[in-house]
Structure formats: structure tokens, C-alpha cells
Amino acid sequence: VVFARDGERGGGAMDRDAVFHQRIDEFNQKTRPVVDFYKSKGLLITIDGTVDRNRVTEDIINKQECIYPLKVLVCDNCFLVQVDEYQKKEEIFSNDYVYFSSVSDYWLAHSKKYVEKVIPQFNLNSDSLVVEIASNDGYLLQYFKEQNIPVLGIEPTNSTAQIAIKKGINTIVEFFDETLAMKLSSQKKADLILGNNVLAHVPGLNNFVRGLKILLKPGGVMTFEFPHLLKLIEKILLMQKHNLNCK
């Protein structure tokens, strides 16, 4: 949080009293709760922006949590693109993970549309099993559940998983791998396995994919969504690649 100098940003007519008070109200309603949340987690860094510019720069450099290099790796065989592993998965997807998929109305609408499409397309019913890897707060599985289709979420971050569990969504708080897949498949195999924005985050990719094969029922279907590198470049979304899971 940086407290800026008076008149730093200009704005002219946009900064009349009514607009100014509106911005303050919106800050208190929408931003302040987020600030308080990060503060309670010990993740808030506060910088005084009213002092000399050089001092502001120095404070930012000295107080920032960490710096990670933007080093992109490309697989010569399958052309999967990932940033290098500077943090272990347990450090990124920890129990106090703060990204909740359900905060995005657009993502909820997209997820509901997906469910409405695949249910008839893959003949899913009350005897089926839908498994989502990295199911977050149940943002998508909730729509299968509304149609009385059995679901299972696999989510390593306890903070999001507990929200899903409160929605009545069966959720396992673990990282998905071959061992977990063998355990689950001994109970029931999945008719549909899905994962959104998860594949490129997996460090042990071969183990992960072997687990998918084990868990999927013969004749079952897998669908995975992930960012397309060309689209990221075309739309100048490279910071999304670097900052997607920064705390």
C-alpha cells in the first residue's frame, strides 16, 4: 500500500469533491477488507509515499517480500511452457492461499456454461462421477451438484477447500498424484476429470498425468483448460504468467 502525494496523479474535473468522496467510499467498501485480510495474514507491506521519491524507492526495495526471476522454460517435445520452479508447490499452494475462484462473476458464468454443455454431451447422470483437480472453492462443481451429479474436488489449499466443503461439495485436501489416483480408483473411477489453469503449475507432470489415466474410467473423458502462450503475447498478458500465484 503506497500513500501518494497530493496532486501526484492530477485528474482535473475527475477529482471534484463528489468523485473524490465516491472513490473513498469504494475504497472502504471494496479495497479496505482486502487490505485488512492481508494484514491479518502478515502479508501487507505499507510504504509511505509522501516522502522523497528516492526514499520511496528505497523503502519498496527494502521491504518487499521476495523477487523471482522471469525465466521461461519450453519443452522441446510437447512445447509446454512454464516458469522455473523457484518455490515449492507447498509454499505457493499453502493453507492460507488467498485466491478464491468464485469472486469472479465472469468465471462463474463460464463454469456454469461449461457444465450445461458437457452434461448432455457426455451423458452424465446420477450414476456418474465428476472429478476436478484443483477445485478451489467449488466454483464449478457446485453446478454439477445442482444437477444431482456426484462430484469430487481435489484441492491442496485448505482455505479454499473449506469453502467448497461448506457448500456440500465432497473435497479432498491433497495434491493430486499417482498415489492418490490409485487410492481413489479402487473406490470408483471418474466419468469426467477436469482441470482449469492447473496443468502448467504441476512440477511432477509425468506423475500427474499417469494419475489421470489411472483415475479415469474406460471410455471416460478429460478436459483441461490452460493459458495459450500465443494469446498471452498477442494480448500483452505476460504479467499474468509471472504473477498468477504471487502472494
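Residues numbered from 1 in each chain as written. Predicted model: local features only at pLDDT ≥ 70, side-chain atom pairs only at ≥ 80, totals over all residues. Heavy atoms only, no water.

1. A word on the overall build of the protein chain
Part 1 of the reasoning: Regarding its fold elements, the protein chain presents 10 helices and nine strands.
Part 2 of the reasoning: Residues classed as buried in the protein chain amount to 30% of the 247 residues present.
Part 3 of the reasoning: For the protein chain, the share of sequence-separated contacts (at least 6 apart) that also reach a separation of at least 24 residues comes to 65%.
Part 4 of the reasoning: A total of about 16000 Å² of accessible surface is found on the protein chain, and carbon and sulfur atoms cover 54% of it. (Helix = DSSP H or I, 4+ residues; strand = E, 2+ residues; numbered from the N terminus. Buried < 20%, exposed > 50% of the residue type's maximum accessible area, 1.4 Å probe, protein only. Contact = heavy atoms within 4.5 Å. Areas by Shrake-Rupley, 256 points an atom, 1.4 Å probe, with all protein chains shown as cover.)

2. Thoughts on helix α8 (residues 205–215)
Part 1 of the reasoning: All of the buried residues along α8 are Phe 208, Gly 211, Leu 212 and Leu 215. One side of α8 carries all its buried residues, which in axial view fall inside an arc of 105 degrees. Relative to its buried face, α8 has exposed residues pointing more than 90 degrees away, namely Asn 206 and Lys 213.
Part 2 of the reasoning: As for α8, its buried residues are in contact with β5 (130–133), α7 (178–185), β8 (190–196) and β9 (216–225). (Arc of directions from axis to C-beta.)

3. Brief notes about the environment of Gly 211
Part 1 of the reasoning: On the secondary structure map, Gly 211 appears in helix α8.
Part 2 of the reasoning: A relative accessible area of 0% places Gly 211 in the buried class.
Part 3 of the reasoning: In sequence terms Gly 211 and Asp 177 are 34 residues apart; their C-alpha atoms lie 5.5 Å from each other.
Part 4 of the reasoning: Contact partners of Gly 211, with chain neighbours within four places excluded, come to Phe 176, Asp 177, Glu 178 and Ala 181.

4. Topic: the packing of α7 against α8
When two helices pack together, their arrangement is given by the angle between the helix axes and by the axis-to-axis distance.
Part 1 of the reasoning: Between α7 and α8, whose axes approach to 8 Å, the crossing angle comes to 10 degrees. The orientation of α7 with respect to α8, classified from their angle, is roughly parallel. Where α7 abuts α8, its residues Glu 178, Ala 181, Met 182, Leu 184 and Ser 185 lie against Asn 207, Arg 210, Gly 211, Ile 214 and Leu 215. (Axes fitted to C-alpha atoms, helices over the stretch in contact; angles between N-to-C directions. Parallel < 35°, antiparallel > 145°, perpendicular 65-115°, else oblique.)

5. Brief notes about the confidence of the model for the protein chain
Part 1 of the reasoning: Mean pLDDT over the protein chain stands at 82; residues scoring 70 or higher make up 80%.
Part 2 of the reasoning: With pLDDT under 50 throughout, residues 1–10 is counted as low confidence; its partners more than four residues away or in other chains account for 21 contacts.
Part 3 of the reasoning: Throughout residues 241–247 the model reports pLDDT below 50, and contacts reaching past four residues in sequence, or to other chains, amount to 18 contacts. (pLDDT = per-residue confidence, 0-100.)

6. Section: the sheet that holds β5
Part 1 of the reasoning: In spatial order, the strands read β7-β6-β5-β8-β9; together these five strands make up an open sheet with parallel pairing. Sheet topology places β7 (171–172) and β9 at the edges, where each strand pairs with a single neighbour.
Part 2 of the reasoning: Where β5 lies against β8, four bridges are found, and the strand directions are parallel. Residue pairing for β8: Glu 132 is matched across the bridge by Leu 194. (Pairing = 2+ DSSP bridges.)

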